[in-house]
Amino acid sequence: MAPTAACACRNAFLKPSNSLIPAIRGSHAAVFRKRPGQLIVNRIKDVCHFYFIGIGFLPVLFCLAYNHIVYGTCELKDYPTEGPAPHHWQFERTPIRQWWAKWFGVSDVEHHERNLAYYEKQGIIARWRQIEQRVKHLEGERWDYKGWSYQPVSSTWVDYGRWHALRMRDQYEQHGHYAQ
């Protein structure tokens, strides 16, 4: 190219144009698009699939299928009149349920006693709250305040307290007060 033509082209490119021409690429679509990384997500999915399906779910499923095929369901028998009484877990239908009830379950009697102890404790706490509300009400009504006073204690009450403490220490069930 001649030097005069190069100057003319250069001057033409340096002049600002009044019209806006959109920039168009003459190539095809973008080959590499920006996207979030998937390495961590794929790793988490692989690990979960391995531990839950490969190690956890399938072996348990095979164990249950083997147990059901070999042992089947349990049979209902008459309540024994001789010998020791059956345990609570012996009333379950399948060997798997019996094993679970034996090692992790709670018998109906124990569940009932736990509920009784819980409701007894809740009743005592409710009574205490009721008494405390009554005391606060009377304090406000009489313009009174908490005060500490000394009340003489007789030896019979000390003996009774010691007897009651020993009784509570030696009894088997903590929630029941049964005559010995």
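These numbers come from a predicted model, not from an experiment.

**Points about the overall build of the protein**
Here's step 1: In terms of regular secondary structure, the protein is built from 5 helices and 0 strands.
Here's step 2: Ordered by position from the N terminus, the helices and strands of the protein form the series α-α-α-α-α.
Here's step 3: Among the 180 residues that make up the protein, the fraction classed as buried is 6%.
Here's step 4: Considering only contacts within the protein whose residues lie at least 6 apart along the sequence, 20% involve residues at least 24 apart.

**Thoughts on the environment of His 87**
Here's step 1: Turning to its location among the elements, His 87 is positioned in the loop between helix H2 (39–70) and helix H3 (95–103).
Here's step 2: Owing to a relative accessible area of 47%, His 87 belongs among the partly exposed residues under this scheme.
Here's step 3: With 15 residues separating them in the primary sequence, His 87 and Lys 102 have C-alpha atoms 8.6 Å apart.

**Quick look at the confidence of the model for the protein**
Here's step 1: Per-residue confidence for the protein averages 80 on the pLDDT scale, and 78% of its residues sit at or above 70.
Here's step 2: Confidence, expressed as mean pLDDT per element, reaches its minimum in the protein at helix H1 (residues 3–14) with 57 and its maximum at helix H4 (residues 108–142) with 93.

**Brief notes about the layout of surface pockets**
Taking a probe equal in size to a water molecule and rolling it over the atoms shows the remaining empty space.
Here's step 1: In this structure, the largest pocket spans a volume of roughly 350 Å³.
Here's step 2: Forming the walls of the largest pocket are 13 residues, and the residues nearest its centre are Glu 75, Leu 76, Lys 77, Gln 90 and Phe 91.

**Notes on a nonpolar patch on the surface**
Here's step 1: On the surface, Phe 52, Ile 53, Phe 57, Leu 58, Leu 61 and Phe 62 cluster together into a nonpolar patch covering about 610 Å² of accessible area.
Here's step 2: Along the chain, Phe 57 turns up in helix H2.

**What about the UniProt feature "transmembrane region" (unreviewed entry) in the protein?**
Here's step 1: Per the UniProt record, "transmembrane region" (unreviewed entry) is annotated on residues 50–71.
Here's step 2: Taken end to end, residues 50–71 has its terminal C-alpha atoms 30 Å apart, with 95% of it in helix and 0% in strand.

**Some details on the side chain of Gln 98**
Here's step 1: Relative to the helices and strands, Gln 98 is located in helix H3.
Here's step 2: Setting aside residues no more than four positions away along its own chain, Gln 98 makes contact with Cys 74, Trp 89, Gln 90 and Glu 92.

Parameters at a glance
- Residues numbered from 1 in each chain as written.
- Predicted model: local features only at pLDDT ≥ 70, side-chain atom pairs only at ≥ 80, totals over all residues.
- Heavy atoms only, no water.
- Helix = DSSP H or I, 4+ residues; strand = E, 2+ residues; numbered from the N terminus.
- Buried < 20%, exposed > 50% of the residue type's maximum accessible area, 1.4 Å probe, protein only.
- Contact = heavy atoms within 4.5 Å.
- pLDDT = per-residue confidence, 0-100.
- 1 Å grid on protein atoms, 1.4 Å probe; cavity = no way out; pocket = protein on both sides within 12 Å on 5 of 7 lines; lining within 4 Å.
- Points joined across faces, edges and corners; volume = space filled by probe spheres on them.
- Patch = residues over 30% accessible without salt bridge, like charges linked within 9 Å, V, L, I, M, F, W, Y side chains within 5 Å.
- Areas by Shrake-Rupley, 256 points an atom, 1.4 Å probe, with all protein chains shown as cover.
- Salt bridge = Lys/Arg side-chain N within 4 Å of Asp/Glu carboxyl O.
- UniProt positions renumbered as here; feature names shortened; annotations may be inferred.

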